[in-house]
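Residues per chain, in single letters:
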Amino acid sequence: MHTKTEHILAQLETGLILTDGGLETDLIFNHGIDLPHFASFDLLSTGWGRQALVDYYLRYLELARQYGSGFLLETPTWRASRDWGERMGYSPQDIRGANIDAVTLLRELAAQYSDLSPLLVSGNIGPRGDGYRVEGQMSAEQARDYHGEQVAAFAEAGVDMVSAFTLNYIAEAEGIALAAQAAGLPVVLSFTVETDGRLPSGDALGDAIDRVDALTGGYPAYYMINCAHPSHFSSVLEAGGAGWPGRIRGVRGNASRCSHAELDAAETLDDGNPQEFGEEYRHLRQLLPGLQVVGGCCGTDHRHVERIAAACCG
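Throughout what follows, the structure given in this document is the object of discussion.

Quick notes on the rules
Residues numbered from 1 in each chain as written. Predicted model: local features only at pLDDT ≥ 70, side-chain atom pairs only at ≥ 80, totals over all residues. Heavy atoms only, no water. Helix = DSSP H or I, 4+ residues; strand = E, 2+ residues; numbered from the N terminus. Polar contact = N/O pair within 3.5 Å; in protein donor to acceptor, adjacent residues only side chain to side chain. Salt bridge = Lys/Arg side-chain N within 4 Å of Asp/Glu carboxyl O. Buried < 20%, exposed > 50% of the residue type's maximum accessible area, 1.4 Å probe, protein only. Expected span 1.5 Å × (residues − 1). Arc of directions from axis to C-beta. Contact = heavy atoms within 4.5 Å.

### Here we look at the side chain of aspartate 213
Alright, step 1. As for its position among the elements, aspartate 213 is in helix H8 (residues 205-216).
Alright, step 2. Within the local environment of aspartate 213, its side chain forms a polar contact with the side chain of tyrosine 223, the two groups lying 2.8 Å apart.
Alright, step 3. Among the polar contacts listed, one links the side chain of aspartate 213 to the side chain of arginine 247, at a separation of 2.9 Å.

Put into structure tokens, the structure is as follows:
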């Protein structure tokens, strides 16, 4: 196992690690900030936008301090890759700069919270296509080359790790793992699932984890589930399997119980029930003894993460 990956895994053993909530939905629906293509990295280009990001992260860092947990800072770069940047008028060089700038911003924030341990900065990677629909599928090699640009920028910026979120088919996850391996960076892969607990591609969650591990020699540090309500995948975890459930160390769930199709069609935010959401995570920790990294995804904000912290730290 890569020594940097061993270090990341050692950090997990120190206790619960909080992360943030649904950055994009919070900024759009709760703060009235327009984010074309859900691209929060665009805020780095203005002073007020940078301050909005700082204010967002500070609220979660204070929660971690309050509950005595570690914290995982994810860069606001889920859309900061070549294709999405091109739609917004960013050149490949601009996108590289935005990824590096995002890391710099979070390093500055981390310096103010040196009392938190562990406190890690992760380069956040999103899918090349839509997170909810399988479209324009790539081979693992194509995905490695495409996402390798963003991984290289993160390596240059000195992140602790990279994390890829809302992955909905296996080959893209494989390619990101290969790109991170080539760059010598620890990588976390997070799949999203439908209400039946299967990837949008139709693959079983356990099969996806096993196949990526088989291709990469088990290179990913760990796996996560994101952008789905805990009720969508609890039954899959309860059924379990041989080995793969132990590879899941993080969850960032949606506040809403709605399906991806229903959320796509929604015009208002469904923020669910924060208290109930926290209790769902308490149950998840019973199903996943290795679950250490917890936060939210679409529809969640600091209220949900605070309830998660209260349920899991108490």
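Additional details are given in the paragraphs that follow.
### Quick look at the pattern of salt bridges
Alright, step 1. Throughout the structure, instances matching the rule amount to 20 salt bridges.
Alright, step 2. Aspartate 130 is paired through a salt bridge with arginine 133; the nearest N and O atoms lie 3.2 Å apart.
Alright, step 3. We classify aspartate 130 as buried; its relative accessible area is 16%.
Alright, step 4. What makes arginine 133 partly exposed here is its relative accessible area of 43%.
Alright, step 5. Of the charged contacts, one joins arginine 303 and aspartate 301 as a salt bridge, the two residues approaching to 3.0 Å between their closest N and O atoms.
Alright, step 6. Note on arginine 303: relative accessible area 35%, which makes it partly exposed.
Alright, step 7. Given a relative accessible area of 4%, aspartate 301 falls into the buried group.
Alright, step 8. Through salt bridges with shared partners, a single network forms among Glu62, Arg65 and Asp115.

### What about helix H11 (residues 274-287)?
Alright, step 1. Its 14 residues place the ends of H11 20 Å apart at the C-alpha level, agreeing with the 20 Å of an ideal helix rising 1.5 Å per residue.
Alright, step 2. Along H11, the residues classified as buried are Pro274, Phe277, Gly278, Glu280, Tyr281 and Leu284. Down the axis, H11 shows its buried residues gathered within 155° of arc, on one side only.
Alright, step 3. Taken together, the buried residues of H11 touch helix H9 (230-239), strand S7 (248-253), strand S8 (293-296) and helix H12 (302-313).
Alright, step 4. The residue sitting at the N-terminus of H11 and contributing the capping side-chain oxygen is asparagine 273; that oxygen lies 3.0 Å from the backbone nitrogen of glutamine 275.

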